[in-house]
Amino acid sequence: MIRICLAGATGWVGESLVPAIDAAPDLELVGAVARRAAGESLAHALRLDVLSPRTANLVVSATVEAALAVPTDVLVDFTAPATVERHALAAIDRGVHVVIGTSGLTDADYERIGAAADRAGVGVLAAGNFAITAVLMERFAVMAAKHLRSWEVIDYGAASKPDAPSGTAREVAARLGQVAVPEVQVPIEATQGAPEARGLTLNGAQVHSVRLPGYMIGAEVLFGMPDERLSIRYESGSSAEPYVGGTLLAVRRIGTFQGLRRGLDTLLDES
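For clarity, every value in this text was computed on a predicted model and none was experimentally measured.

Overview of the packing of helix H1 (residues 14–23) against helix H9 (residues 241–253)
Consideration 1: Interhelical geometry of H1 versus H9 gives an angle of 50 degrees and a closest axis separation of 9 Å. Taken together, the axes of H1 and H9 lie oblique to each other. Classified by chirality, the crossing of H9 by H1 is right-handed. For the pair H1 and H9, contact is made by Ser16, Leu17, Ala20 and Ile21 and by Glu241, Val244, Thr247 and Leu248, respectively.
Consideration 2: Across the contact of H1 with H9, the residue classes break down as five nonpolar, two polar and one charged.

This is the structure:
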């Protein structure tokens, strides 16, 4: 039985993950963190009457540190960029594996988390997106980058999404940057007019974030060659259901390695 603490238990992804964990015979939810619902039973906080008594009566904690007082194998974090690094380091310090689904962390954040995981001998899996279609988009883009010389990334998000670029866009740019640095005919700093109109340079690629009503989460990698173009695009709807399967895959595989891995596709072929 894998014992799980879920940070962000009453959030967009958390409210779909709780019943999925509860229904899995090999998983047990032993901790739930949601500051605004602290002290409530999980069933009351989520307004759910389909949970088993064990999960339904679980009392929501205000902090990860308090929740981890109960023996835990894996911390799953879907909270906010400002808190996720602290949560991850608190878990790692206790010998707990970590699955990070929170968006907005920087490469420097991941370096610190990875170094701590190496020292503690625990596994950390961080994914900008746990939907299988997003994972495949990233994989296909990496395949294309091995044959095409120039690309840029478009990051789509809801008008209310505060972080930019998204975790999905950051992850795609990082993976593409491991293949090569894309060719740019006119250096960004040589742009006439407003260089910022060319977007953020991330791992060598230009990344452009769109935040508009009607969008949820999406990313597109545009490849260009003389007289030909390729677009690889992923988009999600309003439900968090696509993230559940990938998150549970990560939970079940997190104990098979040590240190930091970025991207669910690093586990895809091992499942």
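Now that the structure has been shown, we can carry on.
Some remarks on the sheet that holds strand S3 (residues 74–77)
Consideration 1: One open sheet accounts for six strands, arranged S2-S1-S3-S4-S5-S11; its pairing is parallel. The sheet is open, and its two edges are formed by strand S2 (27–33) and strand S11 (259–262), each paired on a single side. The sheet shows a mean angle of 20 degrees between the axes of neighbouring strands, taken without regard to direction.
Consideration 2: With four bridges joining them, strand S5 (residues 123–126) and S11 adopt parallel strand pairing. Its bridge partner lying in S11, Gly123 is registered against Gly259.

Details of a nonpolar patch on the surface
Consideration 1: Together, Ile132, Leu136, Phe140 and Met143 give the surface a local cluster of nonpolar side chains, amounting to about 350 Å² of exposed area.
Consideration 2: Along the polypeptide, Phe140 turns up in helix H7 (residues 132–145).

Points about the sheet that holds strand S8 (residues 205–212)
Consideration 1: The strand order across the open sheet formed by five strands is S7-S8-S6-S9-S10, and the pairing between neighbours is mixed. Edge positions in the sheet fall to strand S7 (200–202) and strand S10 (228–235), since each of these pairs with one other strand and no more. This sheet shows a mean twist of 25 degrees between the axes of neighbouring strands, independent of strand direction.
Consideration 2: Both strand S6 (residues 151–158) and S8 contribute to a ladder of seven bridges, which runs parallel. Across the sheet, Ile154 pairs through a bridge with His208, a residue of S8.
Consideration 3: Its contacts with the sheet place helix H8 (residues 167–179) against S6, S7, S8 and strand S9 (217–225), and it is angled at close to 165 degrees to S6.

Some details on the packing of aromatic side chains
Consideration 1: Scanning the model with the defined rule gives four aromatic pairs in all.
Consideration 2: A centroid spacing of 5.4 Å and a plane angle of 65 degrees characterise the contact between Trp12 and Tyr243, whose relative ring orientation is edge-to-face. With Trp12 in the loop between strand S1 (2–7) and H1 and Tyr243 in helix H9, this residue pair connects regions lying 231 residues apart in the sequence.

Section: the environment of Gln185
Consideration 1: Following the sequence through the fold, Gln185 ends up in the loop between H8 and S7.
Consideration 2: Spatially, the C-alpha atoms of Gln185 and Ser150 are 9.4 Å apart, while their sequence positions differ by 35 residues.

Concerning the pattern of salt bridges
Consideration 1: In the structure shown here, the tally under the stated rule is 15 salt bridges.
Consideration 2: Salt-bridge contacts for Asp22 lead to Arg54; the nearest nitrogen and oxygen are separated by 4.0 Å. Taken together, the positions of Asp22 in helix H1 and Arg54 in helix H3 (residues 53–56) put the pair 32 residues apart, joining distant regions of the chain.
Consideration 3: A relative accessible area of 40% places Arg54 in the partly exposed class.
Consideration 4: Notably, a salt bridge pairs Arg175 with Asp265, separated by 2.7 Å at the nearest N-O pair. Taken as a pair, Arg175 in helix H8 and Asp265 in helix H10 (residues 265–268) lie far apart in primary sequence, 90 residues in all.
Consideration 5: Residues joined by salt bridges that share partners form a network here, namely Glu85, Asp109 and Arg112.

As for the nonpolar core
Consideration 1: Counting residues in each nonpolar core, the largest one holds 63 residues, and the members touching the most others are Leu42, Val76, Phe130, Leu176 and Val221.
Consideration 2: Ignoring any residue separated from it by four or fewer positions in sequence, one finds Leu42 in contact with Ala9, Val18, Leu29, Ala32, Thr55, Ala56, Leu58 and Val60.
Consideration 3: Membership of the second largest hydrophobic core comes to 22 residues, among which are Ala67, Leu68, Ile92 and Ala116.

Here we look at the environment of Leu58
Consideration 1: Topologically, Leu58 is positioned in the loop between H3 and helix H4 (64–67).
Consideration 2: The spacing of Leu58 and His44 is 14 residues in sequence and 9.9 Å in space, taken between C-alpha atoms.
Consideration 3: The contacts of Leu58, once residues within four sequence positions are left out, are Leu29, Val30, Gly31, Ala32, Glu40, Ser41 and Leu42.

So, the side chain of Asp109
Consideration 1: Here Asp109 lies in helix H6 (residues 107–120).
Consideration 2: Within the structure, Asp109 has its side chain in polar contact with the side chain of Arg112 (distance 2.6 Å).

Cut-offs used in this document
Residues numbered from 1 in each chain as written. Predicted model: local features only at pLDDT ≥ 70, side-chain atom pairs only at ≥ 80, totals over all residues. Heavy atoms only, no water. Axes fitted to C-alpha atoms, helices over the stretch in contact; angles between N-to-C directions. Helix = DSSP H or I, 4+ residues; strand = E, 2+ residues; numbered from the N terminus. Parallel < 35°, antiparallel > 145°, perpendicular 65-115°, else oblique. Left-handed = near helix turned anticlockwise from the far one by under 90°. Contact = heavy atoms within 4.5 Å. Nonpolar A, V, L, I, M, F, W, Y, C, P; charged D, E, K, R; others polar. Pairing = 2+ DSSP bridges. Patch = residues over 30% accessible without salt bridge, like charges linked within 9 Å, V, L, I, M, F, W, Y side chains within 5 Å. Areas by Shrake-Rupley, 256 points an atom, 1.4 Å probe, with all protein chains shown as cover. Salt bridge = Lys/Arg side-chain N within 4 Å of Asp/Glu carboxyl O. Phe/Tyr/Trp six-rings, centres within 6.5 Å; stacked < 30°, edge-to-face > 60°. Buried < 20%, exposed > 50% of the residue type's maximum accessible area, 1.4 Å probe, protein only. Core = buried A, V, L, I, M, F, W, Y, C linked by side-chain atoms within 4.5 Å. Polar contact = N/O pair within 3.5 Å; in protein donor to acceptor, adjacent residues only side chain to side chain.

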